[in-house]
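Each chain is listed here by its residues.
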Amino acid sequence: MASLDNDDTKAAILDCHICIVGAGIGGLMMGILLERADIKYTILEKHPFHNPLGSAICLEPSVQPLFRQLGLMDEIHRLSKPFGAMVFREDNLDIIGIFSAQTPLNINDRYGGYNRIIARRDLCALLAAQIPKEKIKFGKRVLEVRQNAGEVIIRCSDNSVHHADILVGCDGAYSAVRQGLYADLSAKGDLPKQDNAPMGYQYDCLVGVTDPMDPSKNPSLAGKFSEFQTILAKNADCSYWCIPLVGNRISWMVVKFHNKGRKYAEDQLFKHSGWGAEAAELMSYEFREFITTYGCELGELMDNTPKGSMAKVMLEEKFYKTWYKGRVVLTGDAVHKVLPFGGQGANQCIHDVLALTNLLVQLKSNTVPDIEELFESYFKARSPIGRTVVNMSSRVGNLMNRKGMMNDIIRKVALRHMPRWLSQIINDKWSYDRPQLECIPFVQVPGEFQPRPQKRSVYVPASLVEREPTCG
Ligand SMILES: Cc1cc2nc3c(=O)[nH]c(=O)nc-3n(C[C@H](O)[C@H](O)[C@H](O)COP(=O)(O)OP(=O)(O)OC[C@H]3O[C@@H](n4cnc5c(N)ncnc54)[C@H](O)[C@@H]3O)c2cc1C
């Protein structure tokens, strides 16, 4: 299948240099897309190497055509398992209900692929392998971003200074790029009140991935599908999750919730947050004796998790209204921080950087008005879904974790009595668009439910926008 007027798009690419801050999933995918679009870029990452912390990531059918188009889908299949089901249980392991990928709706037949469950570190390693080594600079913690009419100037903690035409903040929930941008806007009184408000958080989370376990003890480990086990430990105000991965490994996660949402100012949150290994050990003692469906307690999974790779993190949620200013733009968790329960964090950051790249290949001039016009098109395309996923992940979090009779009833009805038509409406909504990179040839999208034809991403250059005459 051909790309959208491929040659026109290529011809329009400007000679500009893009600096990406953050080599997480969004930053790495942005690098791959710019590489394919032949746009110059550098990635600055604060860690001295790829951060191996984290647990599992779910890649849904809406991003899979892009992986196929980039030639990465075979590797994704090798490194991941198809999502089979999520089994909800009481803490005595009695089943509350099952959310299945096969019934009432077969996800594979309808959308041409199951959700793929992959260890975060495996996904990051695969993405990083596509990027020339000299284009990712490790150990570069961005501290300060300044911009003027001609460029962006970025200063890092090692005192190195970098210059770029455009800066893309892919630096996650505590984005330094966002904080710098917002400080400037706030000083001028241009920052919406909501963006100044502290991030709320209701959950602490402990995660890890075991070394390979013995499948003879639990044959479900070696099964084709990844069957999630989600156990609600009501007396301990938490839920815990076990997710089989490729290689007989188990990704596990404990989510502890606070009944009253906590709010910290951003600088306080920053001190407590991050995917850190230090506080994890301490938190783990609380949950070691929880029983699992693998014939062992959670403590055994923790003991099989390589030392130092367990991580504790606070799960925050927030949608930000301001996504760009001048030559600086934000993506992913930096503007829509979701809870992990809806499985949307990685998928939505990939959609963000894809939408942005599809516009960047059309940039008509390296001037601030043109760049801002392009960023406005990106914002209009991506912010409605960004807001939706933040709200949705919060609701799904409540459904999956909260105590109380009402929540019990909703859980049972949703898990046991979901009709096919309703499941189809919900899933179709997430699969209407399965976009691809517009400057290279498209691939065929499998599945009986085909996406809407991809409309070419367009932005109207500032020079062509009719403006109201200004006074004075
Ligand atoms: C270590 C880690 C583990 C995670 N594990 C899971 C998981 O198990 N399950 C899940 O659903 N989600 C996990 N997430 C979150 C998930 O990856 C994101 O929600 C989603 O992929 C959106 O990604 P992002 O690229 O916007 O931000 P992130 O994935 O958070 O990436 C941000 C990147 O920016 C870097 N960075 C931050 N500040 C600076 C700075 N000042 N200068 C330079 N670089 C900077 C970070 O080190 C990181 O590499 C994890 C995130 C991280 C960082």
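Residues numbered from 1 in each chain as written. Predicted model: local features only at pLDDT ≥ 70, side-chain atom pairs only at ≥ 80, totals over all residues. Heavy atoms only, no water.

- Looking at an unreviewed UniProt entry, one finds the protein chain named FAD-binding domain-containing protein and attributed to Linnemannia schmuckeri.
- Recorded under Sequence similarities (unreviewed entry), the UniProt text for the protein chain is reproduced unchanged: "Belongs to the paxM FAD-dependent monooxygenase family." (UniProt positions renumbered as here; feature names shortened; annotations may be inferred.)

1. Observations concerning the pairing of strand E6 (residues 116-119)
Part 1 of the argument: Of the two faces of E6, the one carrying Arg116 and Ile118 and the one carrying Ile117 and Ala119 are both buried.
Part 2 of the argument: Where strand E3 (residues 56-59) meets E6, 4 bridges bridge the pair, whose relative direction is antiparallel. Residue pairing for E6: Leu59 is matched across the bridge by Arg116.
Part 3 of the argument: Relative to E6, strand E4 (residues 81-90) runs antiparallel, the two sharing 2 bridges. (Buried < 20%, exposed > 50% of the residue type's maximum accessible area, 1.4 Å probe, protein only. Helix = DSSP H or I, 4+ residues; strand = E, 2+ residues; numbered from the N terminus. Pairing = 2+ DSSP bridges.)

2. Some remarks on the nonpolar core
Part 1 of the argument: Ranked by internal contacts, the top residues of the largest apolar core, which has 87 residues, are Ile18, Met29 and Phe67.
Part 2 of the argument: When residues of this core are assigned to their parent elements, the largest contribution, 9 residues, is made by helix H12 (residues 345-360).
Part 3 of the argument: Ignoring sequence-local partners within four residues, the contact set of Ile18 consists of Leu34, Ile39, Lys40, Tyr41, Thr42, Ala164, Ile166, Val168 and Leu360.
Part 4 of the argument: Judged by nonpolar contacts, the second largest core, of 32 residues, contains Leu53, Tyr111, Leu315 and Met400. (Core = buried A, V, L, I, M, F, W, Y, C linked by side-chain atoms within 4.5 Å. Contact = heavy atoms within 4.5 Å.)

3. Considerations on the site of the ligand
Part 1 of the argument: Looking at the ligand, there are 31 residues lining it, with Glu45, Ser55, Arg120, Val142 and Asp333 nearest.
Part 2 of the argument: In this structure, an oxygen atom belonging to the ligand sits 2.4 Å away from a main-chain N or O atom of Ser55.
Part 3 of the argument: In this structure, an oxygen atom belonging to the ligand sits 2.9 Å away from a side-chain N or O atom of Arg120.
Part 4 of the argument: Going through the elements one at a time, helix H2 (25-37), E3 and H12 are the ones with two or more residues in the shell around the ligand. (Near = heavy atom within 4 Å. Polar contact = N/O pair within 3.5 Å; in protein donor to acceptor, adjacent residues only side chain to side chain.)

4. What to know about the sheet that holds strand E10 (residues 161-164)
Two orientations exist for strands paired in a sheet by backbone hydrogen bonds: parallel and antiparallel.
Part 1 of the argument: Sheet architecture is open: 3 strands sit in the order E8-E9-E10, paired in antiparallel fashion. Of all the strands in the sheet, just strand E8 (142-147) and E10 have a single pairing partner and so form its edges. Ignoring strand direction, the axes of neighbouring strands in this sheet form an average angle of 20 degrees.
Part 2 of the argument: Relative to strand E9 (residues 152-156), E8 is paired through 5 bridges, and the arrangement is antiparallel. When the bridges of E9 are listed, Val142 appears paired with Cys156. (Axes fitted to C-alpha atoms, helices over the stretch in contact; angles between N-to-C directions.)

5. Considering the environment of Phe99
Part 1 of the argument: Structurally, Phe99 can be placed in strand E5 (residues 95-100).
Part 2 of the argument: In this structure Phe99 comes out as partly exposed when scored by relative accessible area, which is 40%.
Part 3 of the argument: Along the primary structure Phe99 and Leu245 are separated by 146 residues, whereas in three dimensions their C-alpha atoms are 18 Å apart.

6. Description of the pattern of salt bridges
Part 1 of the argument: Scanning all chains against the criterion turns up 16 salt bridges.
Part 2 of the argument: Residue Glu448 pairs with Arg110 through a salt bridge whose shortest N-O separation is 3.9 Å. With Glu448 in the segment after helix H15 (420-429) and Arg110 in helix H5 (residues 107-111), this pair connects stretches of sequence that are 338 residues apart.
Part 3 of the argument: In this structure, Asp158 engages Lys140 in a salt bridge whose closest nitrogen and oxygen atoms are separated by 2.7 Å. Of this pair, Asp158 sits in the loop between E9 and E10 while Lys140 sits in the loop between strand E7 (136-137) and E8, and the two are 18 residues apart along the sequence.
Part 4 of the argument: Residues joined in a network through salt bridges with shared partners are Arg110, Asp428 and Glu448. (Salt bridge = Lys/Arg side-chain N within 4 Å of Asp/Glu carboxyl O.)

7. Focus on the packing of H12 against helix H13 (residues 368-401)
Axes are the key here: two packed helices are described by the angle between their axes and the distance separating the axes.
Part 1 of the argument: For the pair H12 and H13, interaxial distance at closest approach is 9 Å and the crossing angle is 165 degrees. In this view, H12 runs roughly antiparallel relative to H13, as classed from their interaxial angle. For the element pair H12 and H13, the recorded crossing hand is right-handed. Residues Gln348, His351, Asp352, Ala355, Leu356, Leu359 and Leu360 of H12 lie in contact with H13, whose contacting residues are Leu374, Phe375, Ser377, Tyr378, Arg382, Ile385 and Val389.
Part 2 of the argument: Tallied by class, residues from the contact of H12 with H13 come to 9 nonpolar, 3 polar and 2 charged. (Parallel < 35°, antiparallel > 145°, perpendicular 65-115°, else oblique. Left-handed = near helix turned anticlockwise from the far one by under 90°. Nonpolar A, V, L, I, M, F, W, Y, C, P; charged D, E, K, R; others polar.)

8. With respect to the packing of aromatic side chains
Part 1 of the argument: Applying the stated rule across the entire model yields 15 aromatic pairs.
Part 2 of the argument: Relative to Phe449, the ring of Tyr432 has its centre 5.7 Å away and its plane inclined at 50 degrees; by these criteria the two rings are tilted. Taken together, the residues span a long stretch of sequence, with Tyr432 in the segment after H15 and Phe449 in the segment after H15 at a distance of 17 residues.
Part 3 of the argument: For Phe449, a relative accessible area of 13% gives the class buried.
Part 4 of the argument: Among the aromatic residues, ring-to-ring pairing joins Tyr203, Trp241, Phe257 and Phe341 into one connected group.
Part 5 of the argument: Directly above the ring of Trp430 sits Lys429, whose terminal nitrogen or CZ lies 5.4 Å from the centroid. (Phe/Tyr/Trp six-rings, centres within 6.5 Å; stacked < 30°, edge-to-face > 60°. Lys NZ or Arg CZ within 6 Å of the ring centre and 35° of its normal.)

9. Some thoughts on the UniProt feature "domain: FAD-binding" (unreviewed entry) in the protein chain
Part 1 of the argument: In the UniProt entry, the feature "domain: FAD-binding" (unreviewed entry) is given for residues 16-189 and 312-391.
Part 2 of the argument: Note that residues 16-189 is 30% helix and 32% strand, and that its end C-alpha atoms are spaced 31 Å apart.
Part 3 of the argument: The distance separating the terminal C-alpha atoms of residues 312-391 is 23 Å; by composition the span is 50% helix and 19% strand.

10. A short note on a nonpolar patch on the surface
Part 1 of the argument: Taken together, the side chains of Met405, Met406, Ile409, Ile410 and Val413 present a nonpolar region at the surface, about 520 Å² in accessible area.
Part 2 of the argument: Mapped onto the elements of the fold, Met406 is located in helix H14 (residues 405-416). (Patch = residues over 30% accessible without salt bridge, like charges linked within 9 Å, V, L, I, M, F, W, Y side chains within 5 Å. Areas by Shrake-Rupley, 256 points an atom, 1.4 Å probe, with all protein chains shown as cover.)

11. Concerning the environment of Gln229
Part 1 of the argument: Position of Gln229 relative to the elements: it lies in strand E13 (residues 226-233).
Part 2 of the argument: Note: C-alpha distance between Gln229 and Arg89 (140 residues apart in sequence) is 7.4 Å.
Part 3 of the argument: Setting aside residues no more than four positions away along its own chain, Gln229 makes contact with Val87, Arg89, Tyr240, Trp241, Cys242, Thr293 and Tyr294.
Part 4 of the argument: For Gln229, the side chain forms a polar contact with the side chain of Glu227, separated by 3.2 Å.

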